[in-house]
Amino acid sequence: MEDEVELPTNPNSLKNHTNLPVDEDDDDPPALSSQAMAALREFLAEQSQSAAEPSNGNEGRSDSSVALVAEDWRLSQFWYDPETAETLAREVLTLCQLGSSNSDSGSPLVACIACPTLYAYLKNNDSDMRVQLLEYDKRFEQYGSEFTFYDYNQPGELPLELKHAFDVVVADPPYLSKECLEKVADTISYLTRSSESSLLLLTGAVQKDRAAELMGLQPCGFRPRHSSKLGNEFRLFTNYDPGMRLGGWEQEK
């Protein structure tokens, strides 16, 4: 999700999670820690092989399961670690089950904005689950009709059939800038079925006030992590009280 000069931080979300101070209005790709830089060098050296390998989150799964493409660090791609992906998938499944029991409109629809790790985990848990991945990286066209090309710079250029269609929306904006979050918020408004739709936002802790202002979101106690270790604090925000799940809403100190 970005223009031809600067591509999005990643298809699985990461934003500018770095060990360096963050300019909140800076859309530059994230700077990496020394450990991450070493991993990047190794990645580039093995690039020709890794293109055909599944991500860490899919190791040990059957050939028939949904697999992620290899992280492309030139796109600043970093996948969720297994615990984070499993926790998020479990929460989305719970929300869908609750939605199904309270609705006569059929099984809920889920939108994953720039978080393909979650999409893969959801589909591997329930292949019949109705999930749409909105993503900039066209390698995910392998997911067929459940893939929609998405550039956050153009939030209004989405298929009409997606408008107000989703009961659960999970978003992981590619940058920590105010502009990026505002445009992703516009996308979320386009996708959500109603004010009752459940929204989960994964982004940097520095976006806390903006997330509350733009979408009425509150931070949860659960701390998302990624397979590649990044320095910036990463948070999960929701528009609903998860109760005992996700560590609950974090209380103001």
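Residues numbered from 1 in each chain as written. Predicted model: local features only at pLDDT ≥ 70, side-chain atom pairs only at ≥ 80, totals over all residues. Heavy atoms only, no water.

Under the annotation held in an unreviewed UniProt entry, the protein carries the name Protein-lysine N-methyltransferase TorRG33x02_217750 and is attributed to Trema orientale. If you open the UniProt record of the protein and go to Sequence similarities (unreviewed entry), you find "Belongs to the class I-like SAM-binding methyltransferase superfamily. EFM5 family." (UniProt positions renumbered as here; feature names shortened; annotations may be inferred.)

Q: Sorry, what's going on with unusual backbone geometry here?
A: A negative phi holds for most residues other than glycine; trans holds for most peptide bonds. Located in the positive-phi region is H164, a residue other than glycine, with phi close to 50°. Checked against the element boundaries, H164 lands in the loop between strand 3 (147–149) and strand 4 (168–171). The backbone of L246 sits at a positive phi, close to 55°, despite the residue not being glycine. Relative to the elements of secondary structure, L246 occurs in the segment after strand 7 (234–238). (Helix = DSSP H or I, 4+ residues; strand = E, 2+ residues; numbered from the N terminus.)

Q: Explanation requested: the nonpolar core in the structure shown.
A: Nonpolar side chains tend to gather and get buried jointly when the protein is soluble and globular. Judged by nonpolar contacts, the single largest core of 36 residues is most densely connected at V92, V110, C112, L118 and L122. Every element with two or more residues in this core is listed here: helix 3 (82–101), strand 1 (110–113), helix 4 (116–125), strand 2 (131–135), strand 4, strand 5 (198–204) and strand 7. With 7 residues, helix 3 is the single largest residue contributor to this core. Excluding residues that lie within four positions of it along the chain, C112 makes contacts with L118, Y119, L122, V131, Q132, L133, L134 and V170. If you look at the next biggest cluster of nonpolar residues, it comprises 27 residues, including Y175, I188, L191 and A211. (Core = buried A, V, L, I, M, F, W, Y, C linked by side-chain atoms within 4.5 Å. Buried < 20%, exposed > 50% of the residue type's maximum accessible area, 1.4 Å probe, protein only. Contact = heavy atoms within 4.5 Å.)

Q: Just to check I follow, could you spell out the packing of helix 5 (residues 178–191) against helix 6 (residues 208–215) for this structure?
A: Packed helices, taken two at a time, are described by the angle between their axes plus the distance between the axes. Their axes nearest at 11 Å, the elements helix 5 and helix 6 cross at an angle of 35°. The two elements helix 5 and helix 6 meet at a crossing, and its hand is right-handed. Residues K178, L181, E182, A185 and I188 of helix 5 form the contact with helix 6, whose own contacting residues are R210, A211, L214 and M215. Per-class residue counts for the contact of helix 5 with helix 6 are 6 nonpolar, no polar and 3 charged. (Axes fitted to C-alpha atoms, helices over the stretch in contact; angles between N-to-C directions. Left-handed = near helix turned anticlockwise from the far one by under 90°. Nonpolar A, V, L, I, M, F, W, Y, C, P; charged D, E, K, R; others polar.)

Q: Help me understand the side chain of Q207 in this model?
A: Structurally, Q207 is set in the loop between strand 5 and helix 6. Overall, the relative accessible area of 0% leaves Q207 in the buried class.

Q: Please clarify how helix 5 should be interpreted in this entry.
A: Each α-helix turn comprises 3.6 residues. Residues three or four places apart therefore point the same way. For helix 5, spanning 14 residues, the distance from its first C-alpha to its last is 20 Å, which sits close to the expected 20 Å at 1.5 Å a residue. Those residues of helix 5 not exposed but buried are C180, L181, K183, V184, A185, T187, I188, Y190 and L191. In this fold, the buried residues of helix 5 make contact with strand 1, strand 2, strand 4, strand 5 and helix 6. (Expected span 1.5 Å × (residues − 1).)

Q: Is there a simple way to explain helix 4 in this structure?
A: The element helix 4 is extensively covered by neighbouring structure, given that 8 of its 10 residues are classed as buried. For helix 4, the set of buried residues is P116, T117, L118, Y119, A120, Y121, L122 and K123.

Q: Can you walk me through the pattern of salt bridges in this structure?
A: Oppositely charged side chains are able to pair whenever their charged atoms sit close together. One pass over the full model with this rule turns up 12 salt bridges. Between K183 and E179 there is a salt bridge, with its nearest N and O atoms 2.9 Å apart. Of this pair, K183 and E179 both sit in helix 5, 4 residues apart, which is roughly one turn of the helix. Salt bridges here are not isolated pairs; linked through shared partners, they connect R223, E233, R235 and E250. (Salt bridge = Lys/Arg side-chain N within 4 Å of Asp/Glu carboxyl O.)

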